[in-house]
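Results of the structural survey
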Amino acid sequence: MLAPEVPMSHSVAGEPPSAGPRAAPLTTAGYSADEWDLLTNLPGRVIVAATASGPGRPPRGVSDGLAGLDAVAAGRSFDSDLIRAVVSAIYARHDGATTSGDRATDLVDLLAACRAVVRVLDRRADPADSAAYRQWVQSVAARVCRAVPAGAARIAVTAPADRRFLDRLGDALGLR
């Protein structure tokens, strides 16, 4: 099985990309099928984990999940070729299948997946794409945790348990 090619922000020779969106990437770097699945499944797994109930966490509803989906979709307009490619791959899936299975809401597995993504990005991605991807995934979780429920005051206060979740996620993503 051939690994999907993923566009990167810089060419192999290190030249910066031309300004603005383009139809075809200047260069690509291959990821194995397992690595690509890890990169494309992680945002969805983060949404599931961020919307999961738990001790000290406020109850989550549809609007919270939609906030996470909006954050994923916002990746289409990012400067990072990697993020745009991941979002495109997520939206290109026809069957909704993921490889995360029942482990999607297990926090220990999610944090391990985050650390695995960091290792993949360290080996394969341009440093700017790596940083952008990791920050984007963190922003997906933050949007869910800070979503304001319908009918609530517009002042969103992040619950201490949600702050701990975001801190642990940030640590696993190498953002702290």
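Only a predicted model underlies this, so the values are computations on that prediction, with no experimental measurement involved.

What counts, and at which threshold
Residues numbered from 1 in each chain as written. Predicted model: local features only at pLDDT ≥ 70, side-chain atom pairs only at ≥ 80, totals over all residues. Heavy atoms only, no water. Helix = DSSP H or I, 4+ residues; strand = E, 2+ residues; numbered from the N terminus. Buried < 20%, exposed > 50% of the residue type's maximum accessible area, 1.4 Å probe, protein only. Contact = heavy atoms within 4.5 Å. Areas by Shrake-Rupley, 256 points an atom, 1.4 Å probe, with all protein chains shown as cover. Core = buried A, V, L, I, M, F, W, Y, C linked by side-chain atoms within 4.5 Å. Salt bridge = Lys/Arg side-chain N within 4 Å of Asp/Glu carboxyl O. Expected span 1.5 Å × (residues − 1). Bend = angle between axes of the 7 residues up to and from the residue. Axes fitted to C-alpha atoms, helices over the stretch in contact; angles between N-to-C directions. Parallel < 35°, antiparallel > 145°, perpendicular 65-115°, else oblique. Phe/Tyr/Trp six-rings, centres within 6.5 Å; stacked < 30°, edge-to-face > 60°. Lys NZ or Arg CZ within 6 Å of the ring centre and 35° of its normal.

With that settled, the discussion passes to the overall build of the protein chain. Along the protein chain, the regular secondary structure elements total six helices and two strands. Order of helices (α) and strands (β) in the protein chain, N terminus to C terminus: β-β-α-α-α-α-α-α. Within the protein chain, buried positions represent 43% of all 176 residues. For the protein chain, the proportion of contacts with a sequence separation of at least 24, taken over those separated by at least 6, is 74%. Accessible area for the protein chain stands at about 9,400 Å²; split by element, carbon and sulfur atoms hold 57% of it.

Our focus in this paragraph is the nonpolar core. Leu-39, Leu-42, Tyr-133 and Trp-136 are the most contacted members of the largest nonpolar core, which totals 37 residues. Of all elements in the fold, only helix H1 (33–51), helix H2 (62–74), helix H3 (81–92), helix H4 (107–124), helix H5 (127–145) and helix H6 (160–172) reach the threshold of two or more residues within this core. For this core, the element with the highest residue contribution is H5, accounting for eight residues. Discounting residues that sit within four places of it in the chain, Leu-42 has contacts with Leu-110, Ala-113, Cys-114, Val-117, Tyr-133, Val-137 and Leu-173.

Enumeration over the complete set of coordinates arrives at five salt bridges. As a salt-bridge pair, Arg-60 and Asp-162 come within 2.2 Å of each other at their nearest N and O atoms. Within this pair, whereas Arg-60 is found in the loop between H1 and H2, its partner Asp-162 is found in helix H6, the two being separated by 102 residues in sequence. Asp-162 matches Arg-60 in its accessibility class, with the two residues each being buried.

Taking 1.5 Å per residue as the helical rise, H1 with its 19 residues ought to reach 27 Å, and the 27 Å between its terminal C-alpha atoms agrees with that figure. At Asn-41, H1 shows its maximal kink, close to 40°; a proline, Pro-43, follows between one and four residues later.

The next thing to look at is the packing of H1 against H3. It is at 9 Å that the axes of H1 and H3 come closest, and there the two elements cross at 80°. Taken together, H1 and H3 sit at an angle that is classed as roughly perpendicular. Between H1 and H3, the contacting residues are Trp-36, Leu-39, Thr-40 and Pro-43 on the first element and Leu-82, Ala-85, Val-86, Ala-89 and Ile-90 on the second.

Attention now goes to the environment of Asp-167. Looking at where Asp-167 falls in the secondary structure, it is placed in helix H6. Accessibility expressed as a relative area gives 36% for Asp-167, which makes it partly exposed. In this structure, the C-alpha to C-alpha distance between Asp-167 and Gln-138, residues 29 residues apart in sequence, is 9.4 Å.

Here the focus is the packing of aromatic side chains. Under the counting rule described, the total for this entry stands at two aromatic pairs. A centroid spacing of 6.0 Å and a plane angle of 40° characterise the contact between Tyr-31 and Trp-36, whose relative ring orientation is tilted. In this pair, the class of Tyr-31 matches that of Trp-36, namely buried. Plain terms: the ring middles of Tyr-133 and Trp-136 are 5.7 Å apart, the flat faces sit at 65° to each other, and that makes the pair edge-to-face. Linking Tyr-133 with Trp-136, this pair stays in helix H5, spanning three residues, or about one helical turn. Trp-136 matches Tyr-133 in its accessibility class, with the two residues each being buried. In this structure, Arg-57 is placed above the aromatic ring of Phe-165, and the distance from its NZ or CZ to the ring centre is 4.9 Å.

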